[in-house]
Amino acid sequence: MGRVAIVSSMVILAVVISSITSYQVKPANYAKLIEKQKKFDEAFEKEFYVEHTKYVETGEQSERLQEMFEHIRQEPDMFRMEMDNHPLPYLTAECTACRALVTTYLTYRRVLGWDRDRIALQAASTCETLNILTPPNCLKIVNKNIDILLYIIDNRPSLTAQTICGIIFQSGTCVLEDPAFLNWSINVQPGGRPITASKTSPNRGASDLKIIHITDVHYDPHYRTGYNAVCGEPCCCREGQGIPANPADGAGEWGDYRDCDSPWKAVEDAVRAAARQHPDAAYVYYTGDIIDHGVWETTVAGNIVSMTRTYQLFRDVFGSKPVYNVLGNHENNPTNVFAPSYITQSEFSAKWLYDFSADQWSTWLPTASQQTIRQGGFYTVLVRPGFRIIGMNNNDAYTFNWWILYDPAYLQAQLQWVHDTLLQAEAAGEKVHILAHIPIGAGTSYRTWARQYRRILDRFWDVITAHFHGHTHADEFNVFYSLANPQHAISAGFNGGGTVPFSNYNPNYVVYYVNPQTYDVTDFESWYFSLTEANQNPNRNPIWMQLYSFSRDFQLSNVSPASLDGLVRRFASNPAELRRYWEFKVKRGDPFIAAGCDGDCLLNHLCQIVTNEANDDTKCNALAAIFRNLDDELFNEEK
């Protein structure tokens, strides 16, 4: 379901999807299937415009238009998934929808001269037809996004449906072909230590630093215990959705596996539990997404209240302990959209968010960091001699950030700053942790941006000792491979999961052990509680338990890129071990465990670990060749 359906169906999908990211392994005949699909999409696109135009003129949907809407209608369970995890048939239908809807609405605007209000009403009607939100909420979400989209479309007359959908999906028939979106680059300084092997690191030691990683609390001030958790919208358990007739459909006291965010008591409990159980931690990382998924009714004022309350909780609980934050894609209003700094119109600019963050984060960051935070929500700080943090705002490279369509090259500025900061760190003999909300290289990271980041990582692989992410709500890791030497694993990314259950997860946080000389992560462990058990005992606080200790549970001496690369290859030849990783990744959420994960599912999760850039299937294909040679009985569950 595309994205600029000018603000119709894909607008909604884009702002509410979030859950577990995976990777969709392509079949052997994928190229032939795509050629066939291209012809189908071209014909569908033309026919949809004709049928939709008749509907606009007569007010009556033809039988054929109803069939076409049914073809592109989103399955309800897709709303809880990040685009990466949508099965290929759904991605194919979404791409078809994107091209048809965008072409139709671009024609209405550019050829027929429709005004803003007419487009808004028709887009809301499309949202309603596709059963994405209730009619009032469809109109709300359209109105939150349409002015930005029309500004971009009106000022970029060469922007086509193919380019728009190619940015959003980056796969299938939605292939990005426009050179302006593919060919920009940053300047990378020659030098650095040559990459001759996968990177190793020390084993865990008694003097290691401890770092707490909390992410994605998604505090919903409208959450109400007992209210409808099966509301038919992308985010439930909210006061405006009423109390269901069946008490089993009511929201739990401590959160809910269904499409619900966190009540304040659950946010507070998670933060206090992390501090209580790990008082010896040196630092805290928070990798974004404080704001809830009720994206159709967020406001700047409301977001400020939620963020202020959360940051104050960190101050109250952690005291003088430094908390290093980055922004999530939900922090801005509208969700996902982060305009270039030169876009100064108040209704488009994210300056309010950057200024607010600079003020709030000043508790933990030096004055020198203020300039870049106010400029674009990113910063660097020297934590201690030899150890530096770079906090990125890579939400600008999220494929659901409309402003990429306006000016893809505006992303150069922050990446060049990252490069230059690393160059200075290298000269000073410092090691660096990178904090970013969206997993770098994930399928929803803009492909050209991911390629340029990989160039930076190849150059500074010996300076960057780890990456820390959020966004997916999954407790997972990624291995980064050299762009120039793909056989070598040069870095790792660790995801903190999330304290929010949205959707089907147990809440968690992660603790890392970090060598105090090299600043490599030597081990990590995850802590969680069973949401089922907590809601069965609503009058006491949840019982937090260790989910795993990674090196112990997977028999590793350390968690270096080299060691994790070896583990990934073990996973490929040992589905039982891969299944165990998957159980940890989904944090033993009861709905996930009940649904299971068969061989194809496991392979998708395996490939996600090693994919650093959209459409780069090299590592996946190598692992898939090993995995698929196993006896099916070893990994296929009965269905």
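Residues numbered from 1 in each chain as written. Predicted model: local features only at pLDDT ≥ 70, side-chain atom pairs only at ≥ 80, totals over all residues. Heavy atoms only, no water.

Participant: Got a minute to help me understand the pattern of salt bridges in this structure?
Facilitator: Between side chains of opposite charge, a pair can form as their charged atoms come close. Here the structure, examined in full by the defined rule, presents 35 salt bridges. With its nearest N and O atoms 2.5 Å apart, the salt bridge here joins Arg109 to Asp154. Residue Arg109 is found in helix 4 (residues 88–110), and its partner Asp154 is found in helix 6 (residues 135–155); the two are separated by 45 residues along the sequence. The exposure class assigned to Arg109 is buried, which follows from its relative accessible area of 19%. Under the relative-accessibility criterion, Asp154 is labelled partly exposed at 40%. A salt bridge links Glu613 to Arg451, with the shortest nitrogen-to-oxygen separation between them at 2.8 Å. With Glu613 in the loop between helix 21 (599–610) and helix 22 (618–627) and Arg451 in helix 15 (residues 447–460), the pair connects residues that are 162 residues apart, well separated along the chain. (Salt bridge = Lys/Arg side-chain N within 4 Å of Asp/Glu carboxyl O. Helix = DSSP H or I, 4+ residues; strand = E, 2+ residues; numbered from the N terminus. Buried < 20%, exposed > 50% of the residue type's maximum accessible area, 1.4 Å probe, protein only.)

Participant: What is the right way to read the packing of aromatic side chains from this model?
Facilitator: Aromatic rings considered in pairs are described by the distance between their centres and by the relative angle of their planes. Evaluation of the coordinates by the stated rule reveals 44 aromatic pairs. On the numbers, 6.4 Å between centres and 65 degrees between planes, the contact of Tyr285 with Tyr324 is edge-to-face. Of this pair, Tyr285 sits in strand 2 (residues 283–286) while Tyr324 sits in strand 3 (residues 323–325), placing them 39 residues apart in sequence. For the pair Tyr285 and Tyr324, a shared accessibility class is recorded, and that class is buried. A centroid spacing of 5.4 Å and a plane angle of 45 degrees characterise the contact between Tyr509 and Trp544, whose relative ring orientation is tilted. Residue Tyr509 is found in strand 10 (residues 508–514), and its partner Trp544 is found in the loop between helix 16 (531–536) and strand 12 (545–549); the two are separated by 35 residues along the sequence. For Trp544, a relative accessible area of 7% gives the class buried. (Phe/Tyr/Trp six-rings, centres within 6.5 Å; stacked < 30°, edge-to-face > 60°.)

Participant: Can you walk me through the sheet that holds strand 7 (residues 464–469) in this structure?
Facilitator: Through backbone hydrogen bonds, the strands of a sheet pair up, either in parallel or in antiparallel fashion. The mixed open sheet is built from 6 strands, whose spatial order is 4-5-6-7-9-8. The two strands at the open ends of the sheet, each matched to only one other strand, are strand 4 (379–384) and strand 8 (477–481). When strand polarity is set aside, the average angle formed by the axes of neighbouring strands in this sheet is 25 degrees. Sheet topology note: the strand 4/strand 5 (residues 387–391) ladder contains 5 bridges and is antiparallel. Paired with Arg384 across the two strands is Phe387, which belongs to strand 5. (Pairing = 2+ DSSP bridges. Axes fitted to C-alpha atoms, helices over the stretch in contact; angles between N-to-C directions.)

Participant: Got a minute to help me understand the sheet that holds strand 10 in this structure?
Facilitator: Spatial strand order, 3-2-1-10-11-12: 6 strands in an open sheet with mixed pairing. If you trace the sheet from one side to the other, it starts and ends with strand 3 and strand 12, each paired once. Averaged over neighbouring strand pairs, the angle between their axes works out to 25 degrees when direction is ignored. As judged from the 4 bridges shared by strand 11 (residues 521–528) and strand 12, these two strands associate in the antiparallel manner. Considered in strand 12, the bridge of Tyr528 is made with Met545. Contacts between helix 10 (residues 300–318) and the sheet are confined to strand 1 (209–214), strand 2 and strand 3, with strand 3 contributing the most and set at about 160 degrees to the helix. (Contact = heavy atoms within 4.5 Å.)

Participant: Whenever I open this one, the environment of Ile543 confuses me. Can you help?
Facilitator: Considering the arrangement of structural elements, one finds Ile543 in the loop between helix 16 and strand 12. According to the relative accessible area criterion, Ile543 is partly exposed, its value standing at 42%. Along the sequence, Ile543 and Ala273 sit 270 residues apart, while their C-alpha atoms lie 9.3 Å from each other. Leave out the neighbours within four places in its chain, and Ile543 touches Tyr528, Phe529 and Glu533.

Participant: What should I look at first to understand the domain arrangement of the protein chain in this one?
Facilitator: Think of interface size as the accessible area that goes away when the parts come together; that is how it is often given. Under the domain assignment used here, the protein chain contains domain 1 (21–180) and domain 2 (209–223 + 261–630). Relative to domain 2, the C-alpha centre of domain 1 lies at a distance of 30 Å. Taken together, the contacts link 31 residues of domain 1 with 43 residues of domain 2. Inspection of the region where domain 1 meets domain 2 yields 0 salt bridges. At the boundary of domain 1 with domain 2, the tally comes to 10 residue pairs in polar contact (both at pLDDT 80 or more). (Domains from an automatic or database assignment. Polar contact = N/O pair within 3.5 Å; in protein donor to acceptor, adjacent residues only side chain to side chain.)

Participant: Please explain the state of the cysteines as it appears in this structure.
Facilitator: In a disulfide, the sulfur atoms of two cysteines are held together by a covalent bond. Applying the stated criterion across every chain yields a total of 7 disulfides. Two residues, Cys127 and Cys138, share a disulfide whose sulfurs are 2.0 Å apart. Torsion about the S-S bond of the Cys127 and Cys138 cystine: about -70 degrees, corresponding to left-handed handedness. Here Cys138 lies in helix 6 and Cys127 lies in helix 5 (residues 116–129), a separation of 11 residues in the sequence. Between the sulfur atoms of Cys231 and its disulfide partner Cys236 the distance amounts to 2.1 Å. The chirality of the disulfide connecting Cys231 with Cys236 is left-handed, given an S-S dihedral of about -75 degrees. The exposure class of Cys236 is buried, given its relative accessible area of 2%. In this structure Cys235 is not part of a disulfide, and its nearest cysteine sulfur, from Cys260, lies 6.5 Å away. (Disulfide = S-S within 2.5 Å.)

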